[in-house]
Amino acid sequence: MSPLALPTAVRLVTLPGIDASLSFTRPLALAGLPVAALLVLVLVRGSGDRERTEEKSGDADRTASRRARLALLATRLLVATCLVVAAAGPTTVTTATTAGDPSVTMLVDESASMGVHEPVADDLEAEIEERGVGVERVAVAADNRSRVGSGVAATLRPNASLLVVSDGRVTGGTSLAEATDLARSVNATINRVRLTTNRSDARVVVTGPRKASVGVENRFGVRVAGVDGVPAGRPISVTIDGEEVVSREVPKGGAFTVERNFSATGPHRITAELGGNDAYAVDDTYRKTVQVVEQPRVLYVSRGDYAFEEYLRELYDVTRAKSVPDDLSDYYAVVVHDVAGPDLGNVTALQSHVIDGGGLVTVGGPNAFEKGDYGDSRLSSLLPVEVGGETGQKSRVVLAVDVSGSAAAGMRVQKTLALNVLSQLGDRNEVGVVAFDGSAYRVADLASLESDRAALKETIRSLQSGGATNVGKGLLGASNLLGEQGGTVILLSDGRDRAAPAFSAADRLADRNVRVVSVGVGNVHEKLLRGVAGRTDGTFLLANETSRLRVRFGGANRRYSGDHAVVVDDGHFVTRGISPTASLPGVNDVSVKRGADLLVATGDGAPALSSWRFGLGRVAALTAYGADGGLGDLRSKPDSLLLSRTVNWAIGDPQRKATGVVAAPDTRVGEETTVVYAGQTPPDSPESADLSFSEVAPGRYEATAVPASLGYRDVSGSAYAVNYPAEYAALGVSPDLKRAVERTGGRAFASNRPAKIAAAVKRQATREREVRQSWDWAVLLAGLLVLVGEICARRLRRRRGNGVIP
């Protein structure tokens, strides 16, 4: 493996018998040694020629002169060598052990969520101090405010030991991940105390759409969770607008759904109440509001007789047309279904509609896309796909493989996954490999898989684990391998690194026309890997989802193969939680544009559903269809959700054209919500008296509220719910706290082991550090002494030659 970047210091030798090594901070300066030697040789030789003209003819004099010239050459070479070596920055590196102050900062969480755990801070503080370790106690949370991350960050100091007595549930301020990064930068250690639960508590949450249309069935999720697991068997009831619609016991999994078809517009209130007794009553009730509006107006443009039109009429206020009319101002979205390019109508009006925020859904068929001459139509610029091209076309791909210490335990999995990813890529692709730990290494240059697949396999098999993790350097190394033409980086990593440098590198890759597909391996830091992919318009996959790569890079002989459609991007609103079962034998010949999202592929890997944003609007292209030319099995559940969600996504806000309160999000006690009002003047109803509206745009007003109590709030024909504080939204020890301890080299201690805590603090107070001592001054001094000595000796020889007695 050859590094992609030359290190700033080169360690040359370990000194025998001494715990030290010699290195140079500017090693390139050593390249000047041959030049300096040649220059000294020329100068000394010229000086010798002049001296020979003054020599006497005796053999003894000539012999003495030769010895003098050799001495002069040797001393000047030594002086030149000293100058060059000093310029290279000679440095010795030794390891020093320092015994710090054996004290610990105890961060104590006194917030409400700690009420379900046994109190241990007081006894633990006293018992640790009894064992000779000082304790500085700091309260980092109280009542409903848990700013544990901020408390950690505020108490950090170099080489410090922190003992966190908390569940790690942060409700504001600095996150624990950010605080952990700060702790690592100053070599501080975060330890925690294992908490013992002494009280039981459960909470309930209701999820579902914030806005809905009249006459459309909506699904709401009710989920119950507890400190000790799901409290199965406890009674729970759900009411909608005061009418009880569910009364049952909590199921084993803790979750169930409620379906509702609203027949009246306006705000509707859904309340879930959990029965029984536990630690906190406040989180046994959850409130949710749904603003129900008239069905959005949708224009359906088609010249065929397809059942899709009737499906749309069940959900929206649909108007039928054979071509796009001049005026689209009344419509939230336009659905163009299997219409040939010459028959589209006013495409200019359609472009303006989308640019101004309207939605567009194009549905394929035997008369659309490549079969309808879309490539020659102005409609093509609006679409997330282009006519022609094939999935699996020639691509430039670099595999960036994490070989760091955090991945060492799973290197076999890493290699297997890399080989599996390689098997997904078609022969037409050019593929290279970069490995990275704390630095990036060029393993294999870009080469066609048609000829070099076997060699790449052997290269991947030979990878070995290294040191620290630096995802940012891995990304930049892969981008450098791709060069100016850009391409795709497939990142294989657990993502166990600091987010900020990785995100910064991802932003640079986006500027270089490079897309990242992040594949999570092992104990995955999903937030970092998703963030890297998202910043480059890429995709995040787990290790068991790499078959989706066949869709983009597979080629004719390596495409995904299955009996039904496959979701490619499950993080999108349209596809989240859907597993298609429909078979789509018909497909238009299209390829996905750069910057667009491929959401669903057909059984043989061709694009089936793609989307992107155009101007202020949203555009989706459904390019696969059933055997009859229509949408076939897509109209049946669960696949029908793809159709309704696609149109809903294209519509966007169903109150975009409305007046009055168009947004009033639910909130929690102590957290703000912003009420948005559309109209010529702000509302003056009694419910709005406590809100102060300000104009933020022509015809648009906003007001901020921070409620202090639970319940529902009415506001000018709308409403929002106020739920229990975030402090009760997640009880039990946070995974973020466990990761903070792991990343800083800390430990988790039982609360009844103060002796172990004291001993660990004493060990953590003893640190090893590198001590660097620069010796350039010593080398310069040595060169100066040699030069002065040589000059003195030469002058003394001349005085003696002239008969002068010193």
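Residues numbered from 1 in each chain as written. Predicted model: local features only at pLDDT ≥ 70, side-chain atom pairs only at ≥ 80, totals over all residues. Heavy atoms only, no water.

### Examining helix α13 (residues 526-535)
Here comes step 1: Residues Leu528, Leu529, Gly531, Val532 and Ala533 constitute the buried set of α13.
Here comes step 2: Contacts made by the buried residues of α13 are with α11 (471-482), β26 (487-493), α12 (499-511), β27 (514-520) and β28 (539-542).
Here comes step 3: A positive backbone phi angle near 60 degrees is found at Asp537, which sits one or two residues after α13. (Buried < 20%, exposed > 50% of the residue type's maximum accessible area, 1.4 Å probe, protein only. Helix = DSSP H or I, 4+ residues; strand = E, 2+ residues; numbered from the N terminus. Contact = heavy atoms within 4.5 Å.)

### Remarks on the sheet that holds strand β8 (residues 161-165)
Here comes step 1: Ordered by their spatial adjacency, six strands build an open sheet running β7-β6-β5-β8-β9-β43, and the pairing between neighbours is mixed. A single partner strand is all that each edge strand has here, and the edge strands are β7 (145-146) and β43 (748-750).
Here comes step 2: Bridge count between strand β5 (residues 103-111) and strand β6 (residues 134-143): nine bridges; the pairing is parallel. Residue pairing for β6: Ser103 is matched across the bridge by Gly134.
Here comes step 3: On the sheet, helix α3 (residues 121-130) packs against β5, β6, β8 and β9 (189-194) and is oriented at approximately 170 degrees with respect to β6.
Here comes step 4: This element, helix α16 (residues 735-743), spans β8, β9 and β43 of the sheet and lies at about 135 degrees to β9. (Pairing = 2+ DSSP bridges. Axes fitted to C-alpha atoms, helices over the stretch in contact; angles between N-to-C directions.)

### Details of the pairing of strand β14 (residues 243-249)
Here comes step 1: When strand β13 (residues 235-240) meets β14, the two strands line up antiparallel, connected through six bridges. Note that in β14 the partner of Pro235 across the bridge is Glu249.
Here comes step 2: The hairpin turn running from β13 into β14, its antiparallel successor, is two residues long, and Asp241 in that turn takes a positive phi close to 55 degrees.

### Here's the deal with the environment of Phe220
Here comes step 1: Here Phe220 lies in strand β12 (residues 217-226).
Here comes step 2: Here the alpha-carbon distance between Phe220 and Phe256, two residues 36 residues apart in the chain, equals 8.6 Å.

### What about the confidence of the model for the protein chain?
Here comes step 1: On average, residues of the protein chain score 84 in pLDDT, and 86% of them reach the 70 mark or higher.
Here comes step 2: Contacts for the low-pLDDT stretch residues 1-18, under 50 throughout, to residues beyond four places or in other chains number 38 contacts.
Here comes step 3: The low-confidence segment residues 556-562, where pLDDT is below 50, has 24 contacts with residues more than four positions distant or belonging to other chains. (pLDDT = per-residue confidence, 0-100.)

### Re the sheet that holds strand β15 (residues 255-261)
Here comes step 1: Taking strand neighbours across the sheet as the criterion, the three strands line up as β10-β12-β15 in an open arrangement whose pairing is antiparallel. Lying at the two open borders of the sheet, with one neighbouring strand each, are β10 (202-207) and β15. Within the sheet, the average angular offset between the axes of one strand and its neighbour, ignoring direction, is 20 degrees.
Here comes step 2: As defined by bridge partners, β10 adjoins β12 across six bridges and the pair is classed as antiparallel. Note that in β12 the partner of Thr207 across the bridge is Gly221.

### Some remarks on the packing of α11 against α12
Here comes step 1: As a packed pair, α11 and α12 sit with axes 7 Å apart at the nearest point and diverge in direction by 20 degrees. Judged by the angle between their axes, α11 and α12 are roughly parallel. For the crossing formed where α11 meets α12, the hand is left-handed. Between α11 and α12, the contacting residues are Val471, Gly472, Leu475, Leu476 and Ser479 on the first element and Pro501, Ala502, Ala505, Ala506, Arg508 and Leu509 on the second.
Here comes step 2: A per-class count over the contact of α11 with α12 returns eight nonpolar, two polar and one charged. (Parallel < 35°, antiparallel > 145°, perpendicular 65-115°, else oblique. Left-handed = near helix turned anticlockwise from the far one by under 90°. Nonpolar A, V, L, I, M, F, W, Y, C, P; charged D, E, K, R; others polar.)

### Quick word on the pairing of strand β41 (residues 711-715)
Here comes step 1: Bridging between β41 and strand β42 (residues 718-723) involves five bridges; their strand directions are antiparallel. Residue Arg713 lies in a different strand from β42, and its bridge partner there is Tyr720.
Here comes step 2: Counted along the chain from β41 to the antiparallel partner β42, the turn is two residues long, and its residue Ser716 has a positive phi close to 50 degrees.

### Concerning the environment of Val214
Here comes step 1: Turning to its location among the elements, Val214 is positioned in the loop between β11 (211-213) and β12.
Here comes step 2: Along the chain, Val214 and Val292 lie 78 residues apart, while their C-alpha atoms are 6.2 Å from each other.
Here comes step 3: Setting aside residues no more than four positions away along its own chain, Val214 makes contact with Phe262, Ser263, Ala264, Thr265, Val292, Val293, Glu294 and Gln295.

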